[in-house]
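Single-letter residue listing:
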There are 2 protein chains.
Amino acid sequence: MADPWLSAFEAAEAAAARGEVPVGAAIVGPDGRVLATAGNRTEELHDASAHAELLAMREAAAKLGSPRLDGCDLYVTLEPCTMCAGAISLFRIRRLYYSAYDPKGGGVDHGARFFTRPTCHHRPEVYGGIRESEGAELLTRFFGERRG
Amino acid sequence: MADPWLSAFEAAEAAAARGEVPVGAAIVGPDGRVLATAGNRTEELHDASAHAELLAMREAAAKLGSPRLDGCDLYVTLEPCTMCAGAISLFRIRRLYYSAYDPKGGGVDHGARFFTRPTCHHRPEVYGGIRESEGAELLTRFFGERRG
């Protein structure tokens, strides 16, 4: 059984190697298996919405043949942004596990805090800050190297 | 020169004909021409993120070969949801024009009000409620027929 955190962190490392912001995500299906894995591809695809979470959810939904991911969980190395928080609700993700907090761009525990709004019609269970230092270090290293 | 509102409303009507929630969107490029048009395709594509706005922005960005739509404007028949508001900011849309207000699901002038948050790093100019009754009637008719 693949470890979803390993899949997510590997996808983040692969994104960094492509020159993309290193964020990785994995979707686990109701049977506990990893259904889809993705890293950021915004530059490669010329698509500002091609965040790891959105790509992984779209791939999982395509595999299941349904726009809803009932009973599926999302693992991601960074707190999702507001766009991805909205998408997580629309795809009806059951549980969201994320690593590093993102005070500047997060939309779950910062900023829009979308899941707390009455316009949010499906709220996942949320577990943030898991393997936090590992998730944060990925980004620190990436931006440090680009600035250095 | 194609009228972006005509394109957006035609895309919404086409979505209704496919059994999708009737929302349509058009992107106008810096030269004033319609670059991309799309209607909702969430059911057809098995993709809960396949909202009209997101599909139109992705198509326009692919045509321009850039993840950013600098100088481009978005026309849409319904107030964007929180996911789409986040994406509008990420794609750097210059001006957002929308028709019907969406108190239950909107993320621009309702709910998350994303563009007012400090975690929003690009704010478009926003013009809501344009041709409001026309935009609202599309949805009322669609849901009325499905319930009837």
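Being a predicted model, the structure only gives us computed values, none of them experimental.

A.B. asks: Please explain the relation of the copies chain B and chain A as it appears in this structure.
C.D. replies: Here the second copy of the chain follows from the first by a rotation about an axis and a shift along it. Rotating chain B by 180° and translating it 0.0 Å along the rotation axis places it on chain A, where the RMSD comes to 0.0 Å. Taken together, the rotation and translation relating the two chain copies correspond to the operation of a two-fold axis. Among all residues of chain B, the one whose C-alpha sits closest to the rotation axis is B:Met83, at a distance of 2.0 Å.

A.B. asks: Can you walk me through the interface of chain B and chain A in this structure?
C.D. replies: By a widely used convention, the size of an interface equals the accessible area lost when the partners come together. Counting residues at the interface gives 32 residues for chain B and 32 residues for chain A. For the pair chain B and chain A, the summed buried area comes to about 2,400 Å², and 64% of that belongs to carbon and sulfur atoms. At the surface where chain B touches chain A, the tally comes to 4 salt bridges. Residue B:Arg68 pairs with A:Glu43 through a salt bridge whose shortest N-O separation is 3.7 Å. Every element with two or more residues in the side of chain B that touches chain A is listed here: α2 (42-45), α3 (52-64) and α4 (82-90) of chain B. Among the residues forming the side of chain B that touches chain A, the class breakdown is 13 nonpolar, 13 polar and 6 charged.

A.B. asks: Mind showing me how you'd approach the sheet that holds strand β2 (residues 34-39) of chain B here?
C.D. replies: Each strand in a sheet pairs with another by means of backbone hydrogen bonds, the pair being arranged parallel or else antiparallel. All names here are of chain B. In spatial order, the strands read β2-β1-β3-β4-β5; together these 5 strands make up an open sheet with mixed pairing. Strand pairing shows two members of the sheet lacking a second neighbour, β2 and β5 (125-127), which therefore form its edges. Sheet twist, expressed as the mean angle between neighbouring strand axes with direction ignored, is 15°. Sheet topology note: the strand β1 (residues 24-28)/strand β3 (residues 73-78) ladder contains 4 bridges and is antiparallel.

A.B. asks: In this structure, what is going on with the pairing of strand β3 (residues 73-78) of chain A? I would like to understand it.
C.D. replies: Across a regular strand the side chains alternate sides, sitting on one face of the sheet and then on the other. Residue and element names in this part refer to chain A. Burial analysis of β3 places 6 of its 6 residues in the buried class, the great majority of the element. Relative to strand β4 (residues 95-100), β3 is paired through 5 bridges, and the arrangement is parallel. Residue pairing in the sheet places Tyr75 in a bridge with Tyr97 of β4.

A.B. asks: Help me out: how do you make sense of the packing of aromatic side chains in this one?
C.D. replies: All names here are of chain A. Within this structure, the stated rule accounts for 14 aromatic pairs over all chains. Centroid distance Trp5 to Tyr75: 5.4 Å. Interplanar angle 90°. Geometry classified as edge-to-face. Remark: Tyr75 occurs in strand β3 and Trp5 occurs in helix α1 (residues 4-17); sequence separation between them is 70 residues. Assigned by exposure class, Trp5 and Tyr75 land together as buried. Judged by centre distance (5.1 Å) and plane angle (20°), the rings of Tyr97 and Tyr127 are stacked. With Tyr97 in strand β4 and Tyr127 in strand β5 (residues 125-127), this residue pair connects regions lying 30 residues apart in the sequence. Put simply, the rings of Trp5, Phe9, Tyr75, Tyr97 and Tyr127 pair up and form one aromatic cluster.

A.B. asks: Looking at this model, I keep getting lost on the sheet that holds β4(A). Mind explaining?
C.D. replies: Residues and elements named next belong to chain A. Here 5 strands make up an open sheet; going across it, the order is β2-β1-β3-β4-β5 and the pairing mixed. Both outer strands of the open sheet, β2 (34-39) and β5, are each paired with one neighbouring strand and no more. Here the strands of the sheet are splayed against their neighbours by 15° on average, with no regard to which way each runs. Contacts from α1 reach β1 (24-28), β2, β3 and β4, with the element oriented near 150° to β1.

A.B. asks: Explain α3(B) to me, please; I cannot follow it from the model alone.
C.D. replies: In an α-helix, one turn spans 3.6 residues, which is why side chains three or four residues apart end up on the same side. Residue and element names in this part refer to chain B. Taking 1.5 Å per residue as the helical rise, α3 with its 13 residues ought to reach 18 Å, and the 18 Å between its terminal C-alpha atoms agrees with that figure. Among the residues of α3, those classed as buried are Ala52, Glu53, Leu54, Leu55, Ala56, Met57, Arg58, Ala60 and Ala61. Positive backbone phi, at 70°, marks Gly65, one or two positions downstream of α3.

A.B. asks: Honestly, the pattern of salt bridges in this entry has me stumped. Any pointers?
C.D. replies: Side-chain pairs of opposite charge can arise where the charged atoms are in close proximity. Residue and element names in this part refer to chain A. Tallying each qualifying case throughout the model produces 26 salt bridges over all chains. Where Asp31 meets Arg33, a salt bridge forms, and the shortest distance between an N and an O atom there is 3.2 Å. The exposure class assigned to Arg33 is exposed, which follows from its relative accessible area of 53%. Connected through salt bridges with shared partners, the residues Asp73, Arg94, Arg95 and Glu125 form a single ionic network.

About the cut-offs
- Residues numbered from 1 in each chain as written.
- Chains lettered and ligands numbered in written order.
- Predicted model: local features only at pLDDT ≥ 70, side-chain atom pairs only at ≥ 80, totals over all residues.
- Heavy atoms only, no water.
- Least-squares fit on C-alpha atoms with pLDDT ≥ 70 in both.
- Contact = heavy atoms within 4.5 Å.
- Buried area = accessible area lost by both parts, 1.4 Å probe.
- Salt bridge = Lys/Arg side-chain N within 4 Å of Asp/Glu carboxyl O.
- Helix = DSSP H or I, 4+ residues; strand = E, 2+ residues; numbered from the N terminus.
- Nonpolar A, V, L, I, M, F, W, Y, C, P; charged D, E, K, R; others polar.
- Pairing = 2+ DSSP bridges.
- Axes fitted to C-alpha atoms, helices over the stretch in contact; angles between N-to-C directions.
- Buried < 20%, exposed > 50% of the residue type's maximum accessible area, 1.4 Å probe, protein only.
- Phe/Tyr/Trp six-rings, centres within 6.5 Å; stacked < 30°, edge-to-face > 60°.
- Expected span 1.5 Å × (residues − 1).

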